[in-house]
Amino acid sequence: MALKKDKLDTVFSLLVRERSEWKCENCGRDFSANRGSLHCSHINGRRHNSTRWHPYNALAHCVGCHRNLGGEPVQFTRHAEYEYGEMTVEQVARIALHPMKLKPWQKEEIYQHYKQELARLKQLRINGITGRIEFNAPDWYQQGVTLRMGEAA
């Protein structure tokens, strides 16, 4: 059963693809003129809310690379380790093991933060910045903080 996508998934996907300058992070092809063929490819599946929208849990992949890497988990992990570093990939995988149930206001907070991040990346592109541009999640989410700690903030 496919997981339902919402506005947070949409803005996150746009951020991942904008971060890569609309290029596949595996084969390097440019998809700025054919944006629908570039996917937001999750390392740890979207079913893990603790990492579903984590900046280091996704890469921009063309349809073909997404399919190929999705069918080869070891190769996908090696590719992610090349992009982010072995320690980062391991840390995000550990975070994914800890279930996190987000309240609607928390998802809205992440969404609003990512809308601002997307506007920032687009402005940097307008200003002539090329190549990969990193984006950040809200601190409480990026660090994999539990729901109770997030509520206390």
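Residues numbered from 1 in each chain as written. Predicted model: local features only at pLDDT ≥ 70, side-chain atom pairs only at ≥ 80, totals over all residues. Heavy atoms only, no water.

A. A look at the packing of aromatic side chains. Applying the stated rule across the entire model yields 6 aromatic pairs. Relative to Y114, the ring of F12 lies with its centre 5.8 Å away and its plane at 35 degrees, an arrangement referred to as tilted. Of the two residues, F12 sits in helix 1 (residues 7–19) while Y114 sits in helix 5 (residues 104–126), which places them 102 residues apart along the sequence. You'll find F12 and Y114 in the same group, each marked buried. When the centroid spacing of 6.1 Å and the interplanar angle of 75 degrees are considered together, the rings of F12 and F135 count as edge-to-face. On the criterion of sequence distance, the pair formed by F12 in helix 1 and F135 in the loop between helix 5 and helix 6 (139–142) is long-range, its members being 123 residues apart. An aromatic cluster is present here, built from F12, Y114 and F135 joined pairwise through their rings. It is R35 that lies over the ring of W22; its NZ or CZ is 4.1 Å from the centre. (Phe/Tyr/Trp six-rings, centres within 6.5 Å; stacked < 30°, edge-to-face > 60°. Helix = DSSP H or I, 4+ residues; strand = E, 2+ residues; numbered from the N terminus. Buried < 20%, exposed > 50% of the residue type's maximum accessible area, 1.4 Å probe, protein only. Lys NZ or Arg CZ within 6 Å of the ring centre and 35° of its normal.)

B. Inspection of the pattern of salt bridges at higher detail. Applying the stated criterion across every chain yields a total of 8 salt bridges. Here D6 makes a salt bridge to K107, at a shortest N to O gap of 2.7 Å. One end of the pair, D6, is in the segment before helix 1; the other, K107, is in helix 5, and 101 residues separate them in sequence. With relative accessibility at 26%, the residue K107 sits in the partly exposed group. Across the pair K23 and E21 runs a salt bridge whose closest N-O atoms are separated by 3.3 Å. (Salt bridge = Lys/Arg side-chain N within 4 Å of Asp/Glu carboxyl O.)

C. Structural view of the pairing of strand 1 (residues 38–42). A large share of strand 1 lies buried, amounting to 4 of its 5 residues. Judged from the 5 bridges that link them, strand 1 and strand 2 (residues 58–62) form a sheet pairing that is antiparallel. Its bridge partner being in strand 2, H42 is matched across the sheet by A58. (Pairing = 2+ DSSP bridges.)

D. Structural context of the packing of helix 1 against helix 5. At their nearest, the axes of helix 1 and helix 5 sit 9 Å apart, and the two run at 30 degrees to each other. Taken together, the axis directions place helix 1 and helix 5 in an arrangement best described as roughly parallel. As for the relative orientation of helix 1 and helix 5, their crossing is left-handed in sense. The residues of helix 5 that touch helix 1, namely those facing K7, L8, V11, F12, L14, L15, E18 and R19, are K107, E108, I110, Y111, Y114, K115, E117, L118, L121, K122 and R125. Classifying every residue of the contact of helix 1 with helix 5 gives 10 nonpolar, no polar and 9 charged. (Axes fitted to C-alpha atoms, helices over the stretch in contact; angles between N-to-C directions. Parallel < 35°, antiparallel > 145°, perpendicular 65-115°, else oblique. Left-handed = near helix turned anticlockwise from the far one by under 90°. Contact = heavy atoms within 4.5 Å. Nonpolar A, V, L, I, M, F, W, Y, C, P; charged D, E, K, R; others polar.)

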